[in-house]
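# Observations on chain architecture
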Amino acid sequence: MSALGTAKTFVADDTAAVATFLGTRPARVRVRSGGSRQLRLPEPGDATVLDLSRLTAIVRLDGPDQTCTVECGLPRADLDAALATCGLELPCPGGGTLGGLFASDPIGASTFGGPSPRSLLLGMDAVLADGTPFKSGARVVKSVAGFDVHKLLVGSEGRLFVATRLHLRLKPAPRCVQWFCRTGLDVAAAIDCLRKLQQEPVPPAAVQLVRAPDGSCAVQGRFAGRAAFVAEMLRRHGLPESAPCWRDHLDPPTHGEVVGGATLVGALPVLSSHLPANASLLWQGGGRFEAALPDAISADAFLHTCANGGVSTLVVHGAPERRGHGTLRDDGHQRLQDGLRRALDPHGILV
Amino acid sequence: MPRLESALVRLLGPQRVLTSPDALLAWECDGFTVHKSRPRAVVLPESTAEVQAVVRLLADAQVPFVPRGAGTCLSGGPTAGTTAVVLDLSRMRRVLRIETADLFAVVEPGVVNADLTAAVKHLGLHYAPDPSSQTVCTIGGNFAENSGGPHCFKYGMTQDHVLAALVVLPDGSLARLGSPAGSRLPGSVDLTALFCGSEGTFGIATEITVRLCRDQESVRTLLASFATMTAACRTVGDIVAAGLVPAALEILDQATIRAVEASVYRAGYPADAAAVLLVELDGPTAVVGEEAAEVRAAFARNGALRIEEATDPNERKRLWKGRKGAFGAMGRLNTDLYVLDGVVPRTRLEEALAGITAIGAKHGVLMTNVFHAGDGNLHPNISYDGRDAAATARTIAAGHEILQLCVDLGGSISGEHGIGTEKLDHVRMMYDAADLAVMAKVRAVWNPDDRCNPGKALPSRSACAESAKWPAMTARILRDEVRP
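Residues numbered from 1 in each chain as written. Chains lettered and ligands numbered in written order. Predicted model: local features only at pLDDT ≥ 70, side-chain atom pairs only at ≥ 80, totals over all residues. Heavy atoms only, no water.

## Concerning empty space enclosed by the protein
Residues and elements named next belong to chain A. Here the structure, examined in full by the defined rule, presents five cavities of 30 Å³ or more. Taken as a whole, the largest cavity encloses approximately 260 Å³ of empty space. Contributing to the lining of the largest cavity are 21 residues, with Val 31, Ser 33, Gly 99, Gly 100 and Ala 103 lying nearest its centre. Those elements that place two or more of their residues in the lining of the largest cavity are β2 (29–32) and α3 (98–104). Considering every element that reaches the lining of the largest cavity, the biggest residue donor is α3, with four residues. Of the residues assigned to the lining of the largest cavity, the class counts are eight nonpolar, 10 polar and three charged. (1 Å grid on protein atoms, 1.4 Å probe; cavity = no way out; pocket = protein on both sides within 12 Å on 5 of 7 lines; lining within 4 Å. Points joined across faces, edges and corners; volume = space filled by probe spheres on them. Helix = DSSP H or I, 4+ residues; strand = E, 2+ residues; numbered from the N terminus. Nonpolar A, V, L, I, M, F, W, Y, C, P; charged D, E, K, R; others polar.)

Have a look at this one:
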């Protein structure tokens, strides 16, 4: 059982409460909103849980301006329901709460060059580990005033500061959406299919490659837009219509590990060739992938191979002490990232 | 010759180190001509290794430096104080790699924006961000400023198109941010996004990996004229409310139309119209056809006086000519032009424009408006005589009030031009001390002694002496005391 299940918890009702709590200088704090991704993070040890799940307000929804402000504990599904009433959507994949989605950004974009959480985050209200509230960015769709500190939320896993409110860019909901799923492909055929979709001036709104442990592949996703366009794309690429079939993540193997990384379509043949025969692979159209490996030894071998190929990977699901292990980063990048952590949370409170 | 200059000459040769006052004249300002200052020297490196070597020399000597592309910035970003050395990156203009299958290119910072598109045009590709200065401005400058342009509403800003960068940090070390597979690597935060828009204060990008886009099958460009600005703005609202995402939604007001029509940029816009709205749609032919019909219907509902549609590439070029030449046309109106860059929620455009008109009248300045209506990104332009101190002061005072208006309406003091030196006094309209302290902490991680483009982007107390004067100088201008 995760330590989160038995940890001390502080439940915040608003930004002021978050600031007050952090102002008491707790030794170690783990931020949690919905909690759905906690098992993908390193074990928090004896940290106090700062629970944001009551921060569920849609503070502002400006339909005509296609922006909104939400609290970080708001479930994605609740926002989607509200947006549907005014013909809008948040065009990036991922569930859970909005805070968790942006802080973890586990999927990136769902299609080639498509919007990801980072491109939809216009600004935020947040609190430093020492309890100081601050804001970054703006509510409008364009602003280059000041440094984009809010972009640091994406992927920070709550370890640089605690975001409490997000200003988000929205897009019009498409008039027609049709899912597709082409199954029974070998890796080469699946990659060829992706290649052709990638070269479309208007690519699918979402696309992913799924390789099953038996080696068979599927290319699935959805086209969005006007009905005639969607129909033409499906016809042109021979893509069978299907029910919604998107997968955010691979199921973790019972005794194995899930490794995450990012790579281009062009590197998929090599990546795939380095996977054990019984491993599964999920590649998202934005470049992120997950590979489910049967044990830690094969995971380590895969991490090593990826590192040799210049592909950054890490264990995203496995034993607590293994999570986060294996990332290959540029030294300069790592130095900057460590420096940011020291600058914003000098006592290492947020874990 | 002082020791530092001698060392720079040994490194780059005498042709690539400029120190004479006459030679430095071209680097005394960017497109924001209110603040001028000649740097100590200008160096012209041609490779990452040379940039590193220069930066290390400057670090050893504790001399501030300023990276610069083409100098088209409109906020004073690359204008250097007199103790600073400018690293002019315009000789680093190679396109290093083009990947047609994975749709990206790696370029040096001095590559001109439009040249990148020209380099990939034969492949059916283009680089989407296209600031109005795209035939001159560089990708490095665009990256530093997070530049926008008329196509942001659909295609986003520079930040949405940069995947990775190789950066020389102010101590001369290197950092590689992002990768062609995405600007954020798993297990890390998005330093590429953070760097983009840092206005040259975090380091110098010497290789930039950008996304390339496939050319669309069809492009349709429409222009409608209106009897009132209100009708033009409401048409924009109708188009957006219908769920359309045009590639461009640009409005020019009557004063701009008249300036354009009296200039070499004449495009045949109706000079009696209060506003013209330029709409560009792109995508699959059938889709664009349906969308064009909906746009025409929105024009009609809002009482458009005249509707034109380009029927061939030359016609399209003509319709754009007036918009792209608008800033040049304003050169006819007076000796100097102050281009503002505020943003408001799109739904408050009418209110903002009414307020801007009132502010212009209050200060007795000649105001024209051309703007990215889809983004709510306003460019009120004040034509003035920079030789007239009183006129300059009135101009800057009007600008200050306009930016305050944008903030009061829920917007921003800059949509795409940046803070530079121009808006150092305005940053506090949006951010309080705690917000700025966090930004300063972030900058200090990259640029701990504030030698890299000192005094820009954030109000700073530790900038080099000349830069530090600028905010105060702006305040004095606002008090009608002085012209820099």
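Read on for the rest.
## Considering the domain arrangement of chain B
Residues and elements named next belong to chain B. Split by domain assignment, chain B resolves into domain 1 (3–88), domain 2 (95–214), domain 3 (218–330) and domain 4 (333–417). A straight line from the C-alpha centre of domain 1 to that of domain 4 covers 31 Å. The interface of domain 1 with domain 4 comprises six residues on the first partner and six residues on the second. Summing the contributions of domain 1 and of domain 4, the shared interface buries around 480 Å²; its carbon and sulfur component is 61%. Counting across the interface, domain 1 meets domain 4 through zero salt bridges. Between domain 1 and domain 4 we count one residue pair in polar contact (both at pLDDT 80 or more) in total. Of the residues belonging to the side of domain 1 that touches domain 4, the class tally is four nonpolar, two polar and no charged. (Domains from an automatic or database assignment. Contact = heavy atoms within 4.5 Å. Buried area = accessible area lost by both parts, 1.4 Å probe. Salt bridge = Lys/Arg side-chain N within 4 Å of Asp/Glu carboxyl O. Polar contact = N/O pair within 3.5 Å; in protein donor to acceptor, adjacent residues only side chain to side chain.)

## Some words on the domain arrangement of chain A
Residues and elements named next belong to chain A. Here chain A is described as being made up of domain 1 (51–172), domain 2 (174–246) and domain 3 (248–341). Look at where the C-alpha atoms of domain 2 and domain 3 centre, and you get two points 24 Å apart. Linking domain 2 with domain 3 are zero salt bridges. Breaking the side of domain 2 that touches domain 3 down by element, the ones donating at least two residues are α5 (187–198) and β12 (206–211).

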